[in-house]
Protein chains: 2
Amino acid sequence: MKKVKVYVTLRESILDPQGSAVQGSLHNMGYEEVADVRIGKYLELQIEPKERDMDTLIKEMCEKLLTNTVIEDYRYEVEEAN
Amino acid sequence: MKKVKVYVTLRESILDPQGSAVQGSLHNMGYEEVADVRIGKYLELQIEPKERDMDTLIKEMCEKLLTNTVIEDYRYEVEEAN
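By the naming in an unreviewed UniProt entry, chain A is Phosphoribosylformylglycinamidine synthase subunit PurS, taken from Kurthia gibsonii. In UniProt, chain A has this text filed under Sequence similarities (unreviewed entry): "Belongs to the PurS family." In the Subcellular location (unreviewed entry) part of its UniProt record, chain A is described as follows: "Cytoplasm".

Here you go:
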């Protein structure tokens, strides 16, 4: 069994209103050190490999379902599951 | 300037209906290797340190605003921003 960690982030050029709202709240709470906040998704998948190549499998799932590649980037790491 | 990466995940004991829905969709699409999906948040903060200690600052922000510690865990990494 493999544990796959997928990080999905908005592309640099895309505005992040949710991140801006969080940054505004942090400022209002007195955390003025915070210069920017960007919010993305973090997915953990448990995968039982079969004959398919893992990298191909993960990229397909990311591009077909898990991310919107028009506005989002992704990267991933594969680990042995505990 | 520091770049802080915060990973927020649901606690082990908490059901993740969004993750289950994604897993169901992946199965329907033929990705039967996927045994489990858990979905969390990934935040990137740019922080300009002042006199406050970074770890204390980050933990406070996580516990007061960024996470719901009743149902979520978090971990973070601090890097030099590019």
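## Here's the deal with the interface of chain A and chain B
At the junction of the two partners, chain A supplies 38 residues and chain B supplies 37 residues. Here chain A packs against chain B, burying approximately 3,200 Å² in sum over the two surfaces, 63% of which is carbon and sulfur. On the chain A side of the contact with chain B, Tyr31, Glu33 and Tyr42 of chain A bury the most area, a combined 23% of that side's loss. Measuring nitrogen to oxygen at the nearest pair gives 3.0 Å for the salt bridge that ties glutamate 33 of chain A to arginine 52 of chain B. On the surface where chain A and chain B come into contact, there are 20 residue pairs in polar contact (both at pLDDT 80 or more).

## Some details on the sheet that holds strand E2 (residues 34–47) of chain A
In space, the six strands of this open sheet follow the order E3(A)-E1(A)-E2(A)-E2(B)-E1(B)-E3(B), with antiparallel pairing throughout. Since the sheet does not close on itself, it has two edges, and those belong to strand E3 (72–80) of chain A together with strand E3 (72–80) of chain B, each with one partner. Across the sheet, the axes of successive neighbouring strands diverge by a mean angle of 20 degrees, strand direction being ignored. Examined bridge by bridge, E2 of chain A and strand E2 (residues 34–47) of chain B share 13 bridges and lie antiparallel to one another. When the bridges of E2 of chain B are listed, glutamine 46 of chain A appears paired with aspartate 36 of chain B. Its contacts with the sheet put helix H1 (residues 17–28) of chain A on E2 of chain A together with E2 of chain B, and the angle it makes with E2 of chain A is roughly 125 degrees.

Calculation criteria
Residues numbered from 1 in each chain as written. Chains lettered and ligands numbered in written order. Predicted model: local features only at pLDDT ≥ 70, side-chain atom pairs only at ≥ 80, totals over all residues. Heavy atoms only, no water. UniProt positions renumbered as here; feature names shortened; annotations may be inferred. Contact = heavy atoms within 4.5 Å. Buried area = accessible area lost by both parts, 1.4 Å probe. Salt bridge = Lys/Arg side-chain N within 4 Å of Asp/Glu carboxyl O. Polar contact = N/O pair within 3.5 Å; in protein donor to acceptor, adjacent residues only side chain to side chain. Pairing = 2+ DSSP bridges. Helix = DSSP H or I, 4+ residues; strand = E, 2+ residues; numbered from the N terminus. Axes fitted to C-alpha atoms, helices over the stretch in contact; angles between N-to-C directions.

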